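Residues per chain are reported as follows:
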Amino acid sequence: MLPFAKPADLADVRSVGIPRALLWYRYGALWEEFFRSLGREVVLSGQTDKGVLAAGEARSVDECCLASKLYFGHAAQLVGACDALFVPAYANEGRLVSFCTKFQSLPDLTACTLADEGVRTFGVFVDRVGERTSARKAFQDLAERFGARPKEAVEAWKAAAHAQQQREAAQARRFADSLERARRGAGLSILLVAHAYVAHDPYVGGDIVRMLEDLGAHVVMADEADRQRAWKRSFEFSDTMPWAPNRELVGALLEALDAVDGVVLASAFPCGPDSMTNDAIARCVQGKPMLSLTIDAQSGTAGLETRVESFVDILSYRKKGGYLHG
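Residues numbered from 1 in each chain as written. Predicted model: local features only at pLDDT ≥ 70, side-chain atom pairs only at ≥ 80, totals over all residues. Heavy atoms only, no water.

Some thoughts on the sheet that holds strand β10 (residues 290-295)
Alright, step 1. Spatially, β8-β7-β9-β10 is the arrangement adopted by the four strands of the open sheet, whose pairing is parallel. Of all the strands in the sheet, just β8 (218-221) and β10 have a single pairing partner and so form its edges. The average undirected angle you get between the axes of adjacent strands in this sheet is 25 degrees.
Alright, step 2. The pairing of strand β7 (residues 189-193) with strand β9 (residues 262-268) spans four bridges and is parallel. Across the sheet, residue V193 finds its bridge partner in β9, namely L265.
Alright, step 3. This element, helix α8 (residues 206-214), spans β7, β8, β9 and β10 of the sheet and lies at about 145 degrees to β8. (Pairing = 2+ DSSP bridges. Helix = DSSP H or I, 4+ residues; strand = E, 2+ residues; numbered from the N terminus. Axes fitted to C-alpha atoms, helices over the stretch in contact; angles between N-to-C directions. Contact = heavy atoms within 4.5 Å.)

Quick notes on the packing of aromatic side chains
Alright, step 1. According to the stated counting rule, one finds 20 aromatic pairs in the structure shown.
Alright, step 2. Measuring from centroid to centroid gives 4.8 Å for W24 and Y25, while their planes differ by 80 degrees, and the two rings are edge-to-face. The same class applies to W24 as to Y25, namely buried.
Alright, step 3. Both rings, one in F35 and one in F86, keep their centres 5.0 Å apart while their planes meet at 70 degrees; by these two values the pair is edge-to-face. Highlighted residues: F35 in helix α1 (residues 24-37) and F86 in strand β3 (residues 84-86), separated in sequence by 51 residues.
Alright, step 4. The ring of F235 is capped by R247, whose NZ or CZ atom sits 3.9 Å from the centre of that ring. (Phe/Tyr/Trp six-rings, centres within 6.5 Å; stacked < 30°, edge-to-face > 60°. Buried < 20%, exposed > 50% of the residue type's maximum accessible area, 1.4 Å probe, protein only. Lys NZ or Arg CZ within 6 Å of the ring centre and 35° of its normal.)

So, the layout of surface pockets
Alright, step 1. Counted as a void, the largest pocket has a volume near 600 Å³.
Alright, step 2. Forming the boundary of the largest pocket are 27 residues, of which Y27, E93, E168, R227 and Q228 lie nearest the centre.
Alright, step 3. Among the elements of the structure, α1, α5 (135-145), α6 (150-184) and α9 (227-233) are those that each provide at least two residues to the lining of the largest pocket.
Alright, step 4. Considering every element that reaches the lining of the largest pocket, the biggest residue donor is α6, with eight residues.
Alright, step 5. When the residues that make up the lining of the largest pocket are grouped by side-chain class, the tally is 13 nonpolar, five polar and nine charged. (1 Å grid on protein atoms, 1.4 Å probe; cavity = no way out; pocket = protein on both sides within 12 Å on 5 of 7 lines; lining within 4 Å. Points joined across faces, edges and corners; volume = space filled by probe spheres on them. Nonpolar A, V, L, I, M, F, W, Y, C, P; charged D, E, K, R; others polar.)

Put into structure tokens, the structure is as follows:
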């Protein structure tokens, strides 16, 4: 080994397991393309179901949020299906582009949670403020741990970053098209404000989208808004909010507020950042009816259906000019 060369301690890892949860919904395109560019097989856990939730609950403490419990369930599903689990830690990507503490502690939590199951884990630590480690540097260093030469590490990062840019551009186009449809349409349009791992997990937020669409509403997904644009727009709401995903949701809300008939705020219990952000939204953003939904492990669809149906009924009456003009 050359002097100062990084040890290739992951060179024997041929298949990489990635839990289909949490930040996979944000950075999945980047992660998957990165490992495929290094010639590795990517193994994703399956869709969330009751079994995944039960496995996650059995491995979690009660204080963990629903999204974290699901993550551990997805991680457990990959035991024996891959050589090692990729569990990254994201502290921040700059000032006021921070992430909830669960994303920072996830590698330690996962390693401890699955310690008795013989699971090998590895990851990256992205912290541009404290450690001055960008995602680019973290992933290029990781590539060298897989035995890649520096040039190969750079190429793997470029391929991964391009895949991520393509994914985000496609999402931003969907959001723009959806917003334009809301502005043009005569039907009911509702903005769903929820983290991607809530909104797009069929077991968590999928029922909400289905219920709204079954009731004839057009659903605009706030998490798909252009991230940079939404982040900048969020400063109209707060100068100090630290969490990037919440900032982006607030920015998307401000951008879409004039186009939609109502807003649904959906959170996984007990999400600390959401409890603060959603309460501030409800207090400070006026002019549109809002429905706040908190989903936990005991949530049934019956209660959700009743609240969603009532909310849609109210919006329909308002759109017709009020209860006396229906």
